[in-house]
Amino acid sequence: MTRIALLGCGRIGRMHADIIAAHPRATLAGVYDTHAPSAQEVADKHGVTNFASPEAVFASEADAVLVATPTTTHVDFIKAGVAANMAVLCEKPVDLDLANARACAEAVAGATRPIMIGFCRRFDPGHRAARAAHRDGRLGDLHQVIITSRDPGMAPDAYIETSGGIFRDMTIHDLDLARFMLDEEVTHVTATGARLVDPALMQRCDDYDTVTVVLTTASGKQAVITNSRAACYGYDQRVELFGSGGMALSDNHRTHAAQVWGEGYTGQAAPLQHFFIERYRDAFNAEIDNFVDAIEGGTPEVTLNDGVKALALAEACFRSIAEGRTIAVKDV
Ligand SMILES: NC(=O)c1ccc[n+]([C@@H]2O[C@H](COP(=O)([O-])OP(=O)(O)OC[C@H]3O[C@@H](n4cnc5c(N)ncnc54)[C@H](O)[C@@H]3O)[C@@H](O)[C@H]2O)c1
């Protein structure tokens, strides 16, 4: 059994704890959170150790650590995990600063155990099936990837204020997914951003709540990402792959599959699954499965380098808006 310790028992950490505890080849090796009651609650739920400090986690018998703490702590915890010869699965993004993320990747380049970044969307069964259609040739030559990702509502002000901005916090998932789907590195980035949902907050944070990004590759393939912080109808997650031989669509998930027809309405459907914990639950399960596989000698689907590359694309998005032009990724 692979023993995985958890750092951070907040929104996503609690979910990871449940998934690890239920995994047939993993055990939860204990938890730590600076907010002791949160850690105690998760420790009690799963009957595991509530470590007194991060140092105690890294000195423990755990094989691996899952980092689900705020982004500004990620780099230190990745390095500490590697120094303790543990495998690491760290939530996205690697850091808010590209230079820090690159320095971290250099510092741990000699790691002998896997380091993965939590780009869970790569593991979504629908997204993977769409990608498989491209990779096995059913779509012919891939021309365009279209990713729509809209949150069901504005995050709290305090979250937005420390998020590092929409491209590093939210779009980063889609930037990674675009790389994954295109199967080719992005060479150029053009972004536009607007403050349409909460202009005052966005102005204060020098951020955007509504963005569109165009990515291009050396061979001319295109990816378009549209994000909004607030879709009134719910968490909108769709990916479309278009090629010379066809199109693949990984569509939204609803709370159930029934549809109702009546006078004046057709195919009235259930609401979309609320947010990422529900919508990407299969993906989060598969992510942990891949992490355990990787620790047992398999291949990690997402690497630290993928985390750094996505952050470079996020940086290019901000630069594209600031400079009003297309940015060559090699210059970032
Ligand atoms: N993959 C995804 O879809 C996804 C979704 C949400 C969040 N995230 C990422 O996960 C991370 C955590 O996000 P969240 O929404 O769970 O945040 P959260 O605020 O709900 O939880 C963070 C937890 O970490 C604890 N903490 C803070 N500093 C700590 C430290 N130094 N050591 C140990 N614990 C510490 C806090 O007390 C809190 O309980 C962020 O980096 C975020 O970007 C990823």
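Because the structure is predicted, anything quoted here is derived from the model rather than measured.

*Asks:* Explain the site of the ligand residue by residue, including any values.
*Replies:* If you check the shell around the ligand, you find 24 residues, and the closest are Arg-11, Asp-33, Thr-71, Glu-91 and Lys-92. Glu-91 places a side-chain nitrogen or oxygen 2.9 Å from a nitrogen atom of the ligand. Counted by class, the shell around the ligand contains 10 nonpolar, 10 polar and four charged residues.

*Asks:* For the sheet that holds strand 7 (residues 186-194), give the residues involved together with the corresponding values.
*Replies:* Pairing within the open sheet is mixed, and its seven strands lie in the order 11-10-6-9-8-7-14. For this open sheet the edge positions go to strand 11 (246-250) and strand 14 (327-328), each flanked by a neighbour on one side alone. For strand 10 (residues 236-243) and strand 11, the ladder comprises five bridges, and the chain directions are antiparallel. By the bridge assignment, Leu-241 is partnered in strand 11 with Ala-248. On top of the sheet, helix 8 (residues 166-182) reaches strand 6 (142-150), strand 7, strand 8 (210-217), strand 9 (222-228) and strand 10; it is set at about 150° to strand 9, its chief contact.

*Asks:* Explain the nonpolar core residue by residue, including any values.
*Replies:* Of all hydrophobic cores here, the largest spans 100 residues; its most connected members are Val-31, Ile-78, Phe-167, Val-189, Val-213 and Leu-215. If one sorts the elements of this core by residue count, helix 12 (residues 304-323) sits on top with 11 residues. Two domains each put at least three residues into this core: domain 1 (2-113) and domain 2 (122-279 + 301-331). When sequence neighbours within four positions are dropped, the list of residues in contact with Leu-215 reads Leu-175, Ala-178, Val-186, His-188, Val-189, Lys-221, Gln-222, Ala-223 and Ile-225.

*Asks:* Which residues make up the pattern of salt bridges, and what are the values?
*Replies:* Going through the model one piece at a time under the given rule, you end up with 30 salt bridges. With a closest N to O distance of 3.6 Å, Asp-169 and Lys-92 form a salt bridge. Linking Asp-169 in helix 8 with Lys-92 in the loop between strand 4 (87-90) and helix 5 (98-107), this pair joins segments that are 77 residues apart in sequence. Of the two residues, Asp-169 and Lys-92, both sit in the buried class. For Asp-331, the salt bridge is made with Lys-330, and the minimal N-O distance between the two is 3.4 Å. Among the residues examined, Lys-330 registers a relative accessible area of 71% and is labelled exposed. The structure contains a network of salt bridges with shared partners spanning Arg-122, Asp-176, Arg-179, Glu-185, Asp-306 and Lys-309.

Conventions we followed
- Position labels on residues start from 1 in each chain and follow its written sequence.
- Thresholds applied to this predicted model are a pLDDT of at least 70 for local features of residues and 80 or more for the giving and counting of side-chain atom pairs; totals over whole chains, interfaces and linings are not thresholded and use all residues.
- With hydrogens and water set aside, each side-chain value is computed from the structure's full complement of heavy atoms.
- Near residues are defined by distance, with any heavy atom within 4 Å of the molecule or strand qualifying the residue.
- The term polar contact refers here to a pair of N or O atoms within 3.5 Å; inside protein, the definition further demands a hydrogen-donor-capable atom paired with an acceptor-capable atom, and it admits residues adjacent in sequence only when both atoms are side-chain atoms.
- Throughout, the ten residues Ala, Val, Leu, Ile, Met, Phe, Trp, Tyr, Cys and Pro are labelled nonpolar, Asp, Glu, Lys and Arg are labelled charged, and all others, Gly among them, are labelled polar.
- For two strands to be treated as a pair, DSSP must find no fewer than two bridges joining them.
- Secondary structure follows DSSP: runs of H or I at least 4 residues long count as helices, runs of E at least 2 residues long count as strands, and numbering of each begins at the N terminus.
- Residue contacts follow a heavy-atom distance rule, with two residues in contact if any of their heavy atoms lie within 4.5 Å.
- In this description, a line fitted to the C-alpha atoms serves as the axis of each element, helices being fitted only across the stretch in contact, and the angle between N-to-C directions of two axes falls anywhere from 0 to 180 degrees.
- Buried residues of nine kinds, namely Ala, Val, Leu, Ile, Met, Phe, Trp, Tyr and Cys, make up a nonpolar core once their side-chain atoms join them within 4.5 Å.
- In this scheme, a residue with accessible area under 20% of its type's maximum is buried, one over 50% is exposed, and one in between is partly exposed, where area comes from a 1.4 Å probe on protein chains only.
- These domain boundaries are the output of an automatic or database domain assignment.
- When a carboxyl oxygen of Asp or Glu lies within 4 Å of a side-chain nitrogen of Lys or Arg, that pair is called a salt bridge.

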